[in-house]
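Coordinate analysis (summary)
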Amino acid sequence: MTHGISRRARVVAGGLTAGVLISGVAAATPAAAAAPAVACTSSKAALAAKLKTDITAALAHRSGTVAVGLYDRTTKTNCTLRAGSAYDSASVVKVTVLATLLWDAKKHNRYLTSTENSLATAMITKSDNTATSKLWKQLGLTKIKGFLTAAKMTQTKPGANGYWGLTQITVTDEQKLLALVTAKNTVLSDNSRDYIQKLMGKVVSSQRWGTPYGVPSGVSVHVKNGWLQRSTQGWRVHSVGTFKGRGHDYTITVLTHGNSTMNYGITTIQGVAKVVHRDLMS
């Protein structure tokens, strides 16, 4: 305490008021913690440069905190922004729940039961929360963590006490999951991957906003969105999607929080999606 007082005394004696000192510190903070920049790489250098410019421009006047991931297998294009930042998952975690269910069934060499099929369908296509809670409880944290380990989704932390919507997710891990869903691997069987994509391709029309926005005709779309309002950091609004056609095979993840409304978050995501689809196809 004495140290604090003596320091303040020295500051005042030096002709500065505490108010000036504090405002000076505040003014210096943005420079010290500059906003992270969009980073893009590609086998086509011009494409990487264009995506970086256009994604940056799409987010230039949007409030909230946005994380972005894009990977296109065809052109080896990868774009990231805040890829390691944690967000409350909301309903985006439902893809992980389904993948865990299928991974575990494969381990036990069995098909899904008719009940599991019904619950999984409701969970993905209608974002049914009751169905999700039943599957989350059935699986339990041990199996969910087992899948995350197998999938190398090391940054994902399952929500405690049944609160699956508060699972902590990152762009990096969501992009890993989408990669497993869209290409042959040892974690998910081909049948499991087809099943996940089938359900993500049948999401009800009112929930097909977000990453599919601006997708051209002739490209298949598989999507899962999430939205959740909390007392801090406003609305969390997220969208993950896989897209294939017209010479491209790509995945997009956009995670946001600090949105004033759900629609504000949707508009932010769709601004990113629109330029991604356009740049890849041009």
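A brief look at the structure comes next. The shown structure was predicted, so the numbers you read here are calculated from the model rather than taken from an experiment.

**Things to note about the overall build of the protein**
Within the protein one finds nine helices and eight strands. Sequence separation of 24 or more characterises 66% of the internal contacts of the protein that already satisfy a separation of 6 or more. Approximately 13400 Å² of the protein is accessible, and the part contributed by carbon and sulfur atoms is 58%.

**Section: the sheet that holds strand β6 (residues 220–229)**
With respect to topology, six strands assemble into an open sheet ordered β1-β3-β2-β8-β7-β6, the strand pairing being antiparallel. Strands at the two margins of the open sheet, each flanked by one partner only, are β1 (39–41) and β6. Put simply, the sheet's adjacent strands are angled 5 degrees from each other on average, direction ignored. Docked against the sheet, helix α3 (residues 45–59) engages β1, β2 (65–72) and β3 (77–81), running at close to 30 degrees with respect to β3.

**Section: the state of the cysteines**
Applying the stated criterion across every chain yields a total of one disulfide. Each sulfur in the disulfide pair Cys 40 and Cys 79 lies 2.1 Å from the other. Looking along the S-S bond of the Cys 40-Cys 79 disulfide, the torsion reads about 115 degrees, which is the right-handed sense. Taken as a pair, Cys 40 in strand β1 and Cys 79 in strand β3 lie far apart in primary sequence, 39 residues in all. With respect to class, Cys 40 is no different from Cys 79; both count as buried.

**As for the side chain of Gln 270**
One can find Gln 270 in helix α9 (residues 262–281). The buried category is assigned to Gln 270, whose relative accessible area is 15%. Ignoring anything within four residues of it in the chain, the contact list for Gln 270 reads Trp 209, Gly 210 and Tyr 213.

**A short note on the pairing of strand β8 (residues 248–259)**
Counted residue by residue, β8 has eleven buried out of twelve residues, so it is predominantly covered. Alignment of β2 against β8, held across eight bridges, turns out to be antiparallel. Residue pairing in the sheet places Leu 70 in a bridge with Ile 252 of β8. With ten bridges joining them, strand β7 (residues 235–245) and β8 adopt antiparallel strand pairing. Bridging across to β8, Thr 242 finds its partner in Thr 251. Between β7 and β8, which pair antiparallel in sequence order, lie two residues; one of them, Arg 246, sits at a positive phi of approximately 50 degrees.

**A look at the environment of Thr 77**
Along the chain, Thr 77 falls in strand β3. Separated by 37 residues in the primary sequence, Thr 77 and Cys 40 place their C-alpha atoms 7.2 Å from one another. Residues in contact with Thr 77, not counting those within four places in the same chain, are Thr 41, Ser 42, Leu 47, Leu 51, Leu 70, Tyr 71 and Asp 72. A polar contact of 2.6 Å, which involves the side chain of Thr 77, links it to the side chain of Thr 75.

**Things to note about the pattern of salt bridges**
Here the structure, examined in full by the defined rule, presents ten salt bridges. Measuring nitrogen to oxygen at the nearest pair gives 3.1 Å for the salt bridge that ties Asp 54 to Arg 278. Of this pair, Asp 54 sits in helix α3 while Arg 278 sits in helix α9, and the two are 224 residues apart along the sequence. With a relative accessible area of 12%, Asp 54 lands in the buried category. A salt bridge links Arg 236 to Asp 88; the nearest nitrogen and oxygen atoms lie 2.8 Å apart. You can see Arg 236 sitting in strand β7 and its partner Asp 88 sitting in strand β4 (residues 87–88), a full 148 residues away along the chain. The same class applies to Arg 236 as to Asp 88, namely buried. One network of salt bridges, with partners in common, ties together Lys 50, Asp 54, Arg 278 and Asp 279.

**As for the pairing of β7**
With ten of its eleven residues buried, β7 lies for the most part within the structure. Joining the antiparallel neighbours β6 and β7 is a turn of five residues, in which Gln 233 adopts a positive phi near 60 degrees.

**Regarding the side chain of Arg 193**
Considering the arrangement of structural elements, one finds Arg 193 in helix α8 (residues 190–200). A polar atom in the side chain of Arg 193 sits 3.5 Å from the backbone oxygen of Ala 183. With residues near it in sequence (within four places) discarded, Arg 193 still touches Leu 180, Val 181, Thr 182, Ala 183, Lys 184, Asn 185 and Leu 188.

The rules behind each value
Residues numbered from 1 in each chain as written. Predicted model: local features only at pLDDT ≥ 70, side-chain atom pairs only at ≥ 80, totals over all residues. Heavy atoms only, no water. Helix = DSSP H or I, 4+ residues; strand = E, 2+ residues; numbered from the N terminus. Contact = heavy atoms within 4.5 Å. Areas by Shrake-Rupley, 256 points an atom, 1.4 Å probe, with all protein chains shown as cover. Pairing = 2+ DSSP bridges. Axes fitted to C-alpha atoms, helices over the stretch in contact; angles between N-to-C directions. Disulfide = S-S within 2.5 Å. Buried < 20%, exposed > 50% of the residue type's maximum accessible area, 1.4 Å probe, protein only. Polar contact = N/O pair within 3.5 Å; in protein donor to acceptor, adjacent residues only side chain to side chain. Salt bridge = Lys/Arg side-chain N within 4 Å of Asp/Glu carboxyl O.

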